[in-house]
Amino acid sequence: MTASPQFTNATRTMQGGRALGEMLKLSDAGLLFGMGGFQLLPFYEACRALGLKHALINDERCGAFAADAYARVTNRPGVVDATQGPGATNIVTGLAESYNAGIPIIAITGNTNREHSFKNMTQEARQIDILRPVVKEVIRIDMVQRIPEAVRRAYAVATSGRPGPVLIDIPEDIAHAEHDFSAADFWIDAGTLKAQARRSLPDPAELSRAVQMMAKAKRPLLLVGGGIHVSEAYDALIALAEQEGIPVAHTMSGKGAIGCNHPLSAGVFGRYSRIANELVEASDCLIVVGCKLGEIATRRFSLIGAGKPVIHVEIWPEEIGRTTRTDVALVGDAKLTLEAMAAALGDGHKRAAARADYCAEVPVRMAEWRKGAADRLESSETPINIGRIMGELNKRMPADAVLVADGGFAAHWGGLLFETKAAGRHFVADRGFASIGYGVPGGLGAQIGVGSKRRVVALTGDGGFNMSLGDLETARRLGANFITIVFNNAASGYVKALQHAVYGAGNYQSSDLIEMDYANIAKAMGCHGIRVVDPEKLGPAITEALAKTDSPTVIDVVVTRDPGRMLPGVDNRTLKVQKGDRPV
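A quick note: this is a predicted structure, and the numbers were derived from the prediction, not measured.

A. Representation of the overall build of the protein in the model. Secondary structure assignment for the protein yields 23 helices and 21 strands. Here the C-alpha radius of gyration of the protein, 25 Å, is about what a compact globule of 584 residues would show, namely 25 Å. Reported as C-alpha extents along the three principal axes, the dimensions of the protein are approximately 75 × 60 × 45 Å. For the protein, the proportion of its 584 residues judged to be buried stands at 59%. Look at the contacts in the protein between residues 6 or more apart in sequence, and 76% of them connect residues 24 or more apart. If you sum the accessible surface of the protein, you get close to 22,000 Å²; carbon and sulfur atoms cover 52% of it.

Here it is in structure tokens:
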């Protein structure tokens, strides 16, 4: 049995794993997700002794996804741990998501006892080499006394600049070793515990150039990405948009930058669009904020035409100009930069008045779009049109609720048709890596992050649900009573829709699943289960689930089996696909 740590005013004798736990407690870490092993046993004992909230997860990938969703709704680093070898390699996909999306994560992995490393130790792998490409920084701890320093460094890197995951790799002998720590070793920099840490402003000369362009523009347009959430720049964005008379469009990750009910909201732009792509085409000044302008946002780099004036606000300098020519590069925090823009522009009444007719186009066009989308949002067809699910969610979800969307076409339908009712991170989609299987763990992490008083609904296909349904047990054990809606089309729907579009009807390969009753599976796991085959019963099922707060709920919705109607933006039966591109 390990002796309890011995504390004096000057020294604290403890194992490395205990020191790690002490630092996470000082950091006010939220729920930790992980699956233990011998290497990290002292850390797990520290969690118990210190009262840290730690949850056993049933799959390490789901642990990384849950930590990611937690971080998205709180902007505090999510924490995930894994044992050496298969545990460490299982978190790669989740960390790749967080890395690509700029989400702060602290990942902790155990590793081999250094005395015997590279001697065919059980479960040994070159895990640092495997994980290095999907994290901002690898911190390998080779001296037990440096654990406090390493944790401080991990938080600083994870939350500053463009946030992202940081790996702390701890050899077995370091985690189990004892050391006489100085009491002065245990401190944390409170300024690094939440993103955006270490905010910065752009070059004043470049800011001046940008506001001159904006002041002259007749049809400026704000294009906002997921960085708006990390910066929590909602008030600054809306203030600038209203002061100057500038409509706001967003990526799927940027959804919630402005409420969909705001008269200046132009909705999503890029591969899926309500009215925003047409506004982009007609704009004479694009102000891009916290957006990488990747494939989806630019319709495979074709949306923003040559010669279109572009101002790009981005925390990560090397992203500016990477995909799209930029006239003015503003390297800095989104919130501070938007505030500086508004201040530099000054009184915007005359400019806003001159753009009044332009701004008035937005709600009119949006109303026309909603009228055109009614056939999906209000569809009475059976099997159920996924658009009807979105329509019912729009009617029933509270304004402070969070919709989590899996990486398949759950995110596509949600990004296009879900209506946020206020600014904020009310839509969480794993668009960094777009891996399926995010729905259940994403719902779990988001529910833990926002607390039990707010409702969380996770959308997933049956393929994605099959990947992660084991962590419904985790949700039940933790009392994370979120709702999962399964788009049950007995297929890997996005793949089948692509095969239909590219190769024609009937030409499908390895994209069909067997019919499953997921409501009954949920019930067998001690959760609430509802199966819906009648579109008229969909709304009442969602209302019932929202009222059911004492267990997780799964709503199994039998949706269209027609691969020509599985994507939200088009009817695939009339779609023309160009070589080398994807259908939208």
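Picking up where we left off.
B. Structural context of unusual backbone geometry. The residue after Ala-195, namely Gln-196, is reached through a cis peptide bond having omega 5°. Inspection of the secondary structure puts Gln-196 in the loop between strand E9 (178-182) and helix H9 (204-216). Omega for the peptide link from Thr-382 to Pro-383 comes to -10°, which places this bond in the cis form. Tracing the chain through its elements places Pro-383 in the loop between helix H15 (356-377) and helix H16 (386-396). The phi torsion at Glu-232 lies on the positive side, around 50°, for a residue other than glycine.

C. Just the side chain of Thr-83, in detail. Within the secondary structure layout, Thr-83 lies in the loop between strand E5 (78-82) and helix H4 (86-90). Within polar-contact distance, the side chain of Thr-83 engages the side chain of Gln-39 at 2.8 Å.

D. Here's a closer look at the nonpolar core. Among the nonpolar cores identified, the biggest contains 97 residues, and Met-341, Leu-393, Ile-485 and Ile-555 are the most heavily contacted of them. For this core, the leading source of residues is H15, giving seven residues. Not counting residues within four places of it along the chain, the set of residues in contact with Ile-485 comprises Ile-389, Leu-393, Val-457, Ala-458, Leu-459, Thr-460, Ile-555 and Val-557. Counting 47 residues, the second-largest nonpolar core is a separate cluster that includes Ala-64, Ala-96, Tyr-438 and Tyr-518.

E. Focus on H9. Here H9 spans 19 Å end to end across 13 residues, near enough to the 18 Å set by a 1.5 Å rise per residue. Restricting attention to buried positions, one finds in H9 the residues Leu-207, Ala-210, Val-211 and Met-214. Looking straight down H9, one finds its buried side chains confined to an arc of 95°; they lie on one side. For H9, the secondary structure elements touched by its buried residues are helix H11 (234-244), strand E13 (285-289), strand E14 (310-314), strand E15 (328-331) and helix H13 (334-345).

F. Representation of the layout of surface pockets in the model. The volume enclosed by the largest pocket comes to roughly 1,100 Å³. As for the largest pocket, its lining consists of 50 residues, and the residues nearest its centre are Asn-100, Ser-253, Lys-292, Arg-431 and Gly-432. Contributing elements (two or more residues each) for the lining of the largest pocket: helix H5 (92-101), helix H10 (227-231), E14 and helix H17 (409-417). Its residues assigned to classes, the lining of the largest pocket shows 21 nonpolar, 17 polar and twelve charged.

G. Geometry of H13. In this model, H13 (twelve residues) spans 16 Å end to end at C-alpha, consistent with the 16 Å of a helix rising 1.5 Å per residue. Every buried residue belonging to H13 is among Ala-334, Thr-337, Leu-338, Ala-340, Met-341, Ala-342 and Leu-345, and all of these are buried. One side-chain oxygen of the residue at the start of H13 lies 3.3 Å from the amide nitrogen of Lys-335, identifying that residue as Asp-333.

H. Just the sheet that holds strand E21 (residues 553-558), in detail. One open sheet accounts for six strands, arranged E17-E16-E18-E19-E21-E20; its pairing is parallel. In the strand order of this sheet, the two ends are held by strand E17 (427-429) and strand E20 (528-532), each with one partner. Adjacent strand axes in the sheet meet at a mean angle of 20° when their direction is disregarded. Contacts between H16 and the sheet are confined to strand E16 (402-405), strand E18 (456-461), strand E19 (483-488) and E21, with E19 contributing the most and set at about 160° to the helix.

I. Here's a closer look at the pattern of salt bridges. Overall, the coordinates contain 41 salt bridges when judged by the stated rule. A salt bridge links Arg-365 to Glu-361, with the nearest nitrogen and oxygen atoms 3.5 Å apart. Placement of both Arg-365 and Glu-361 in helix H15 is noted, with a separation of four residues, approximately one turn of the helix. Its relative accessible area of 32% is what places Arg-365 among the partly exposed residues.

J. Here's a closer look at the packing of helix H3 (residues 60-74) against H5. Relative orientation of the contacting elements H3 and H5 amounts to 25°, with a least axis distance of 7 Å. With respect to H5, the element H3 is oriented roughly parallel. In this structure, H3 uses Arg-61, Ala-64, Phe-65, Asp-68 and Arg-72 to contact H5, whose residues at the interface are Thr-93, Gly-94, Leu-95, Glu-97, Ser-98 and Ala-101. Among the residues forming the contact of H3 with H5, the class breakdown is four nonpolar, three polar and four charged.

K. Region of the structure containing the pairing of E15. Only one face of E15 is buried, namely the one carrying Val-328 and Leu-330, since none of Ala-329 and Val-331 on the opposite face is buried. Inspection of the sheet shows E14 paired to E15 by four bridges, in the parallel sense. The partner of Glu-314 across the bridge, within E15, is Val-331.

L. Representation of the pairing of strand E10 (residues 220-224). Counted residue by residue, E10 has five buried out of five residues, so it is predominantly covered. Residues Pro-220, Leu-222 and Val-224 line one face of E10 and the alternating positions Leu-221 and Leu-223 line the opposite face, and both faces are buried. Where E10 lies against E13, five bridges are found, and the strand directions are parallel. Residue pairing across strands places Leu-223 opposite Val-288, the latter belonging to E13. In this sheet, strand E11 (residues 248-250) lies alongside E10 in parallel orientation, the contact comprising three bridges. If you follow Leu-222 over to E11, its bridge partner there is Val-248.

M. Broad picture of the sheet that holds E10. Strand order across the open sheet formed by six strands is E12-E11-E10-E13-E14-E15, with parallel pairing between neighbours. At either margin of the open sheet sits one strand with a lone partner, and together these are strand E12 (265-268) and E15. Averaged over all neighbouring strand pairs, the angle between strand axes comes to 15°, with direction disregarded. Against the sheet, H9 touches E13, E14 and E15, its axis set at about 125° to E15.

N. Representation of the packing of aromatic side chains within the structure. Per the stated rule, a full pass over the model turns up six aromatic pairs. Arranged with centres 5.1 Å apart and planes meeting at 65°, the rings of Phe-65 and Tyr-438 form a pair that is edge-to-face. Residue Phe-65 is found in helix H3, and its partner Tyr-438 is found in the loop between E17 and helix H18 (439-450); the two are separated by 373 residues along the sequence. One residue, Arg-12, lies across the ring of Phe-186, its end atom 4.8 Å from the ring centre. In this arrangement the basic side chain of Lys-496 is found over the ring face of Tyr-508, its NZ or CZ atom lying 5.0 Å from the centre.

Cut-offs applied
Residues numbered from 1 in each chain as written. Predicted model: local features only at pLDDT ≥ 70, side-chain atom pairs only at ≥ 80, totals over all residues. Heavy atoms only, no water. Helix = DSSP H or I, 4+ residues; strand = E, 2+ residues; numbered from the N terminus. Rg over C-alpha atoms; globule rule 2.2 N^0.38 Å. Buried < 20%, exposed > 50% of the residue type's maximum accessible area, 1.4 Å probe, protein only. Contact = heavy atoms within 4.5 Å. Areas by Shrake-Rupley, 256 points an atom, 1.4 Å probe, with all protein chains shown as cover. Polar contact = N/O pair within 3.5 Å; in protein donor to acceptor, adjacent residues only side chain to side chain. Core = buried A, V, L, I, M, F, W, Y, C linked by side-chain atoms within 4.5 Å. Expected span 1.5 Å × (residues − 1). Arc of directions from axis to C-beta. 1 Å grid on protein atoms, 1.4 Å probe; cavity = no way out; pocket = protein on both sides within 12 Å on 5 of 7 lines; lining within 4 Å. Points joined across faces, edges and corners; volume = space filled by probe spheres on them. Nonpolar A, V, L, I, M, F, W, Y, C, P; charged D, E, K, R; others polar. Pairing = 2+ DSSP bridges. Axes fitted to C-alpha atoms, helices over the stretch in contact; angles between N-to-C directions. Salt bridge = Lys/Arg side-chain N within 4 Å of Asp/Glu carboxyl O. Parallel < 35°, antiparallel > 145°, perpendicular 65-115°, else oblique. Phe/Tyr/Trp six-rings, centres within 6.5 Å; stacked < 30°, edge-to-face > 60°. Lys NZ or Arg CZ within 6 Å of the ring centre and 35° of its normal.

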